[in-house]
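If you want the building blocks of each chain, they are given just below.
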Amino acid sequence: MDKGTRKRLRRLGIFAVVILAGLYFVPYLLVFYLICGALDVARHHKITYELVEKYFMGNGILTWLLSPLNLLIDLFSRKNIGVFKLQDMPPEHRAEIEACVEAFRTNGDLIKQRVAETLGTSKRGMLTFRWFNKPQPSLIRIPELEREHRFIKTVAISVFNTRERTSWHFGPLRLTFRVLCNLDPINSRDVYIRADDKIHYWVDDPLFIFDDTFFHCSINDVDQVRYCLFMDIVRPNRAQGMFDRAVDIAAFISGSLKTMFYKNWSFIR
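Every value quoted in this text rests on a predicted model; they were computed, and no experiment measured them.

### A word on the packing of aromatic side chains
This model, assessed by the stated rule, comprises 20 aromatic pairs. Between Phe 15 and Trp 64 the ring centres are 6.4 Å apart and the planes differ by 50°, which places this aromatic pair in the tilted class. Of this pair, Phe 15 sits in helix α1 (residues 3-25) while Trp 64 sits in helix α4 (residues 61-65), and the two are 49 residues apart along the sequence. The interplanar angle of 85° and the centroid separation of 4.9 Å between the aromatic rings of Tyr 24 and Phe 25 together place this pair among those described as edge-to-face. Across the pair, exposure class does not vary: Tyr 24 and Phe 25 are exposed alike. Put simply, the rings of Phe 15, Tyr 55, Phe 56, Trp 64, Trp 168, Phe 170 and Phe 215 pair up and form one aromatic cluster. We note Arg 189 situated over the ring of Tyr 201; from NZ or CZ to the ring centre the distance is 4.0 Å.

Structure, rendered in structure tokens:
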């Protein structure tokens, strides 16, 4: 029996114990969570065993635990189609995205220089300017990326070293959508991001906006470093005041959990 099979059987065994214990001690709560989790998984167009396993037994457990909240957030938000074009965003959202993208491109050489000085052999790096609206210390100054925006809450530069990729994973919370912009897309189909059943090649379009609570992974299978502007923007909704308060709470929690969620990343100042 190979290592992968043993790991899968161990996960199934632990999951079975948890389910049996839950049915005995908190049956109604467990059934409620199973229903919410099933609704969350059913949003995907491509449902695989790996998706279900990771959602309920792997790195998606936090997303499952937050599924009641995420489903409630959906009720107060505009329709979630999963993957978006810039024109799908409201004008105020588009204006902030376009301003940050322009600043990112204008300062591309400065960003590359700073990353080259610090990344070294690290597989992935994150140069942060704001994290859930909290300013982050940085040795390079780009005012548009540092300032407080109305809708954009996180602004960073995501860097993948050569031949690097993430595993399939889920973001935890649907208060925001993820906005990525590739600095200088290489002419290759080996550099892309997958979200649910969609494959987005950076060479086709350097901008990608998506709901990161969908199952996704990112690939840089070339001998060139990949630089992406990395932003979280409050999703268009029908209760902005409530979303603002919820984002403030998420910011407090996210700051303390940042290193846990991004343990495979080197943070660059």
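Anyway, onward from the coordinates.
### Brief notes about the state of the cysteines
Evaluated as defined, the whole model comprises zero disulfides. Distance from the sulfur of Cys 181, which forms no disulfide, to the nearest cysteine sulfur (Cys 228) is 7.2 Å. The class for Cys 181 is buried, based on a relative accessible area of 1%.

### Some thoughts on a positive patch on the surface
Together, Lys 3, Arg 6, Lys 7 and Arg 10 give the surface a local cluster of positive charge. For Lys 3, the position within the fold is in helix α1. You can call Lys 3 exposed: its relative accessible area is 68%.

### Focus on α1
Look at α1: 33 Å from first C-alpha to last across 23 residues, which is about the 33 Å you get at 1.5 Å a residue. The opening residue of α1, the one whose side-chain oxygen lies 2.7 Å from the backbone nitrogen of Thr 5, is Asp 2.

### Quick notes on the sheet that holds strand β10 (residues 216-220)
The strands making up a sheet associate through hydrogen bonds between their backbones, and the pairing can be parallel or antiparallel. With antiparallel pairing, the four strands of this open sheet are ordered in space as β5-β10-β7-β8. Only two strands of the sheet have a single neighbouring strand rather than two, namely β5 (164-165) and β8 (198-201). Note: β5 against β10, two bridges, orientation antiparallel. Residue pairing across strands places Arg 165 opposite Ile 219, the latter belonging to β10.

### What to know about the nonpolar core
Nonpolar side chains in soluble globular proteins tend to end up buried together. One finds Ile 97, Ile 111, Leu 145, Ile 157, Ile 209 and Leu 229 to be the most contacted residues of the largest nonpolar core, which totals 32 residues. At the level of elements, α6 (91-106), α7 (108-118), β2 (124-131), β4 (152-160), β6 (176-182), β9 (207-210) and β11 (226-234) are the ones that each hand at least two residues to this core. Ignoring any residue separated from it by four or fewer positions in sequence, one finds Leu 229 in contact with Cys 100, Val 101, Phe 104, Leu 145, Val 155, Ala 156, Ile 157, Val 179, Leu 180 and Cys 181. Membership of the second largest hydrophobic core comes to 24 residues, among which are Leu 175, Phe 208, Phe 230 and Val 234.

### What about the environment of Leu 69?
Here Leu 69 is to be found in helix α5 (residues 67-75). Residue Leu 69 is classed as partly exposed on the basis of its relative accessible area of 40%.

### Some remarks on empty space enclosed by the protein
If you walk through the whole model with that rule in mind, you get one cavity of 30 Å³ or more. In this structure, the largest cavity occupies an estimated 60 Å³ of space. Per-class residue counts for the lining of the largest cavity are six nonpolar, three polar and two charged.

### Points about the UniProt feature "transmembrane region" (unreviewed entry) in the protein
UniProt's feature table lists "transmembrane region" (unreviewed entry) at residues 12-35 and 55-76, given in the numbering used throughout. For residues 12-35, the end-to-end C-alpha separation is 19 Å, with 96% helix and 0% strand making up the annotated structure.

### Notes on the layout of surface pockets
Of the pockets and cavities examined, the second largest pocket occupies roughly 210 Å³. Residue lining of the second largest pocket: 18 residues in total, with Arg 43, Asn 80, Ile 81, Gly 82 and Phe 214 positioned closest to the centre. Within the lining of the second largest pocket, the residues separate by chemical class into five nonpolar, four polar and nine charged.

### Points about the packing of helix α2 (residues 27-42) against helix α3 (residues 49-57)
In the contact formed by α2 and α3, the axes pass within 11 Å of each other and the chain directions differ by 140°. If you check the angle between α2 and α3, you find them oblique. The element α2 and its partner α3 pack so that their crossing is right-handed. On α3, the residues that touch Gly 37, Ala 38, Asp 40 and Val 41 of α2 are Leu 51, Val 52, Tyr 55 and Phe 56. Residues belonging to the contact of α2 with α3 are distributed by class as follows: six nonpolar, one polar and one charged.

About the thresholds
Residues numbered from 1 in each chain as written. Predicted model: local features only at pLDDT ≥ 70, side-chain atom pairs only at ≥ 80, totals over all residues. Heavy atoms only, no water. Phe/Tyr/Trp six-rings, centres within 6.5 Å; stacked < 30°, edge-to-face > 60°. Helix = DSSP H or I, 4+ residues; strand = E, 2+ residues; numbered from the N terminus. Buried < 20%, exposed > 50% of the residue type's maximum accessible area, 1.4 Å probe, protein only. Lys NZ or Arg CZ within 6 Å of the ring centre and 35° of its normal. Disulfide = S-S within 2.5 Å. Patch = residues over 30% accessible without salt bridge, like charges linked within 9 Å, V, L, I, M, F, W, Y side chains within 5 Å. Areas by Shrake-Rupley, 256 points an atom, 1.4 Å probe, with all protein chains shown as cover. Salt bridge = Lys/Arg side-chain N within 4 Å of Asp/Glu carboxyl O. Lys, Arg positive; Asp, Glu negative; His and termini not counted. Charge placed at Lys NZ, Arg CZ, Asp CG, Glu CD. Expected span 1.5 Å × (residues − 1). Polar contact = N/O pair within 3.5 Å; in protein donor to acceptor, adjacent residues only side chain to side chain. Pairing = 2+ DSSP bridges. Core = buried A, V, L, I, M, F, W, Y, C linked by side-chain atoms within 4.5 Å. Contact = heavy atoms within 4.5 Å. 1 Å grid on protein atoms, 1.4 Å probe; cavity = no way out; pocket = protein on both sides within 12 Å on 5 of 7 lines; lining within 4 Å. Points joined across faces, edges and corners; volume = space filled by probe spheres on them. Nonpolar A, V, L, I, M, F, W, Y, C, P; charged D, E, K, R; others polar. UniProt positions renumbered as here; feature names shortened; annotations may be inferred. Axes fitted to C-alpha atoms, helices over the stretch in contact; angles between N-to-C directions. Parallel < 35°, antiparallel > 145°, perpendicular 65-115°, else oblique. Left-handed = near helix turned anticlockwise from the far one by under 90°.

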